[in-house]
Structures are given as C-alpha cells and as structure tokens.
Amino acid sequence: EVLNVVGILDPAFFFWNEDVDLCLRTKRASFKVVFNPNAIAYHKVGGFKTRIQRLESFIKANIQFARKSYPLWQVPFAVISVAIANIHFFALKKI
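Residues numbered from 1 in each chain as written. Predicted model: local features only at pLDDT ≥ 70, side-chain atom pairs only at ≥ 80, totals over all residues. Heavy atoms only, no water.

Chemist: Can you help me understand a nonpolar patch on the surface in this one?
Modeler: Among the surface-exposed residues, Leu-55, Ile-59 and Ile-63 lie close enough to one another that they form a single nonpolar patch of about 230 Å² accessible area. A relative accessible area of 42% means that Ile-59 is categorised as partly exposed. (Patch = residues over 30% accessible without salt bridge, like charges linked within 9 Å, V, L, I, M, F, W, Y side chains within 5 Å. Areas by Shrake-Rupley, 256 points an atom, 1.4 Å probe, with all protein chains shown as cover. Salt bridge = Lys/Arg side-chain N within 4 Å of Asp/Glu carboxyl O. Buried < 20%, exposed > 50% of the residue type's maximum accessible area, 1.4 Å probe, protein only.)

Rendered as structure tokens:
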C-alpha cells in the first residue's frame, strides 16, 4: 500500500539518500516509518576508487536531496543537517 501511494526508490538518486527520500515521502504521506537495527543490505557491485570520489558523491547527493525535499530557502540548512547526520559514515567506515 505504501509504495502504491509514495512510489518506489527514486532512480534519480545514484548512491546516497534514496532510502532517506523514500522515508521522508512515506512520512509526509502519513505512514509510519520504522527502523530495524538488524536489517542488512548487500550491494552486488559498486564502490568508489578513492575517498575523494566517495565524498564528492556524498556532497552532490545531499544537495540533490535537499533541493528535491525542501523549499529553496531551506536548502543550505538541509544540506548541512543531512551531512551532519551522515558524517559518521566517513568517520567510522573504512574504504
């Protein structure tokens, strides 16, 4: 039912924030969003050659998400908020 209302993952998002976008659309459609800490996602292919490529992709995706999801005047604040919320990925994960 949820996917019939809010749609599937947005293919415009290449690597980051497609799940965040889906959750935000789900919440805005008045559905409940839950978190399962035991869930595991496996990627068959992909990855970045360098940390710089990963960081560039991360920044572009945050800007893309903010532009899609918030009024223009809120975009800078949204980009910063999303970046802070996800920065642990770079601090804790090895490439």
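Chemist: How do you make sense of the pattern of salt bridges when you look at a structure like this?
Modeler: Pairing of side chains with opposite charge becomes possible as their charged atoms draw close. Evaluated as defined, the whole model comprises three salt bridges. The salt bridge partner of Lys-68 is Asp-10, with a shortest N-O separation of 2.6 Å. With a gap of 58 residues between them, Lys-68 in helix α3 (residues 51-69) and Asp-10 in the loop between α1 (2-6) and α2 (18-28) connect regions that are remote in the sequence. Classification of Asp-10 as buried rests on a relative accessible area of 17%. Residue Arg-25 pairs with Asp-21 through a salt bridge whose shortest N-O separation is 3.0 Å. Remark: Asp-21 and Arg-25 occur in helix α2; sequence separation between them is four residues, near one turn of the helix. (Helix = DSSP H or I, 4+ residues; strand = E, 2+ residues; numbered from the N terminus.)

Chemist: Even after reading the chapter, I still don't get the packing of α2 against α3, so can you show me in this structure?
Modeler: Helix-helix packing is described using two parameters, namely the angle between the two axes and the distance between the axes. Direction vectors running N to C along α2 and α3 enclose 15 degrees, while the axes themselves pass 11 Å from each other. When the axis of α2 is compared with that of α3, the two are roughly parallel. As for how α2 packs across α3, the hand of that crossing is right-handed. Counted together, Val-20, Asp-21, Leu-24, Arg-25 and Arg-28 of α2 and Phe-65, Lys-68 and Ser-69 of α3 form the full contact between these two elements. Of the residues in the contact of α2 with α3, the class split is three nonpolar, one polar and four charged. (Axes fitted to C-alpha atoms, helices over the stretch in contact; angles between N-to-C directions. Parallel < 35°, antiparallel > 145°, perpendicular 65-115°, else oblique. Left-handed = near helix turned anticlockwise from the far one by under 90°. Contact = heavy atoms within 4.5 Å. Nonpolar A, V, L, I, M, F, W, Y, C, P; charged D, E, K, R; others polar.)

Chemist: Would you mind showing me how to read α3 here?
Modeler: Residues three or four positions apart in an α-helix share a direction because the helix packs 3.6 residues into each turn. Taking 1.5 Å of rise per residue, 19 residues should cover 27 Å, and α3 covers 27 Å from first to last C-alpha, within 8% of that figure. Every buried residue of α3 is listed here: Arg-54, Ser-57, Phe-58, Ala-61, Asn-62, Phe-65, Ala-66 and Ser-69. Projection of α3 onto a plane perpendicular to its axis shows the buried side chains occupying an angular sector of 165 degrees, all on one side. Along α3, exposed side chains directed more than 90 degrees from the buried face belong to Ile-52, Lys-60 and Arg-67. (Expected span 1.5 Å × (residues − 1). Arc of directions from axis to C-beta.)

Honestly, that's just the spatial picture; any functional story needs more than this.
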